[in-house]
Amino acid sequence: MNSEDDRTLLSSAVTASAPSPVPSTASTAITFAPGSIIAGRYRLVALLGKGGMGEVYRADDLTLDQPVALKFLPSVATGDEAKLSQFHNELRVARQVSHKNVCRLYDLGEAGGRRFLTMEYIDGEDLASLIRRIGRLPPDKAVQIARQLCAGVAAAHDRGVLHRDLKPANVMI
């Protein structure tokens, strides 16, 4: 949080929420193991989180040799053709948003009957975790984050994209 280079990014721009951090309990079932190759292209590195809108993994794109995030959608979101069609349309629009404060969405894929989004991997901490960890933000830092957040939301709105679940857990620092 000390760096002036810190960048606030709005994540999970299409449909709903980003997963919450993975609990450290042994009962958490990981759908895919680290090292798994997905769609012949992505090597999973770690589960980053799970929530109502699926699971997010850190992965390496073996074709482009770059880190990415894979967000696996819950079967309820992909089992209904009408919902899937709506999701495709929202993804097409959201891909047009290009702004330094908005997480880039790349593509939609499928592996083992599960749909997933490929998106920019952001190495950082979400705002909710930061606030839990340090408490109230210093006023100058809060203003800096708010300005970047507003710029990201404005860029999305300029392209007709509505976030639908704007909250601290969906803001990456």
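All values derive from a computational prediction rather than experimental measurement.

## Structural notes on the pairing of strand 4 (residues 42-51)
Pairing geometry for strand 3 (residues 37-38) and strand 4, over two bridges, is antiparallel. Within strand 4, the position partnered with I38 by the bridge is Y42. Joining the antiparallel neighbours strand 3 and strand 4 is a turn of three residues, in which A39 adopts a positive phi near 55°. Judged from the eight bridges that link them, strand 4 and strand 5 (residues 54-61) form a sheet pairing that is antiparallel. Paired with A46 across the two strands is R58, which belongs to strand 5. Linkage of strand 4 to strand 5, two consecutive antiparallel strands, is achieved through a turn of two residues.

## Some remarks on the confidence of the model for the chain
Looking at the chain as a whole, its pLDDT mean stands at 82, while 80% of the residues score no less than 70. Below a pLDDT of 50 lies the segment residues 13-30, which in the model reaches 51 contacts outside its immediate sequence neighbourhood of four places, other chains included.

## Side note on the packing of aromatic side chains
Following the criterion strictly, the structure yields five aromatic pairs and no others. Centroid distance Y57 to F72: 5.7 Å. Interplanar angle 90°. Geometry classified as edge-to-face. On the criterion of sequence distance, the pair formed by Y57 in strand 5 and F72 in strand 6 (residues 66-72) is long-range, its members being 15 residues apart. There is no split in this pair, since Y57 and F72 are both buried. With 5.1 Å between their ring centres and 40° between their planes, F72 and F116 make a pair best called tilted.

## Notes on the environment of A33
Position of A33 among the secondary structure elements: in the loop between strand 2 (20-21) and strand 3. Placed 13 residues apart in sequence, A33 and A46 show a C-alpha to C-alpha distance of 7.9 Å.

## Here we look at the pairing of strand 8 (residues 114-120)
Two faces make up the sheet, and in a regular strand the side chains alternate between them. Counted residue by residue, strand 8 has five buried out of seven residues, so it is predominantly covered. As paired elements, strand 6 and strand 8 share five bridges and run antiparallel to each other. The partner of K71 across the bridge, within strand 8, is L117. Direction of pairing for strand 7 (residues 105-111) relative to strand 8: antiparallel, over a ladder of six bridges. When the bridges of strand 8 are listed, L105 appears paired with M119.

The rules we used
- Residues numbered from 1 in each chain as written.
- Predicted model: local features only at pLDDT ≥ 70, side-chain atom pairs only at ≥ 80, totals over all residues.
- Heavy atoms only, no water.
- Pairing = 2+ DSSP bridges.
- Helix = DSSP H or I, 4+ residues; strand = E, 2+ residues; numbered from the N terminus.
- pLDDT = per-residue confidence, 0-100.
- Contact = heavy atoms within 4.5 Å.
- Phe/Tyr/Trp six-rings, centres within 6.5 Å; stacked < 30°, edge-to-face > 60°.
- Buried < 20%, exposed > 50% of the residue type's maximum accessible area, 1.4 Å probe, protein only.

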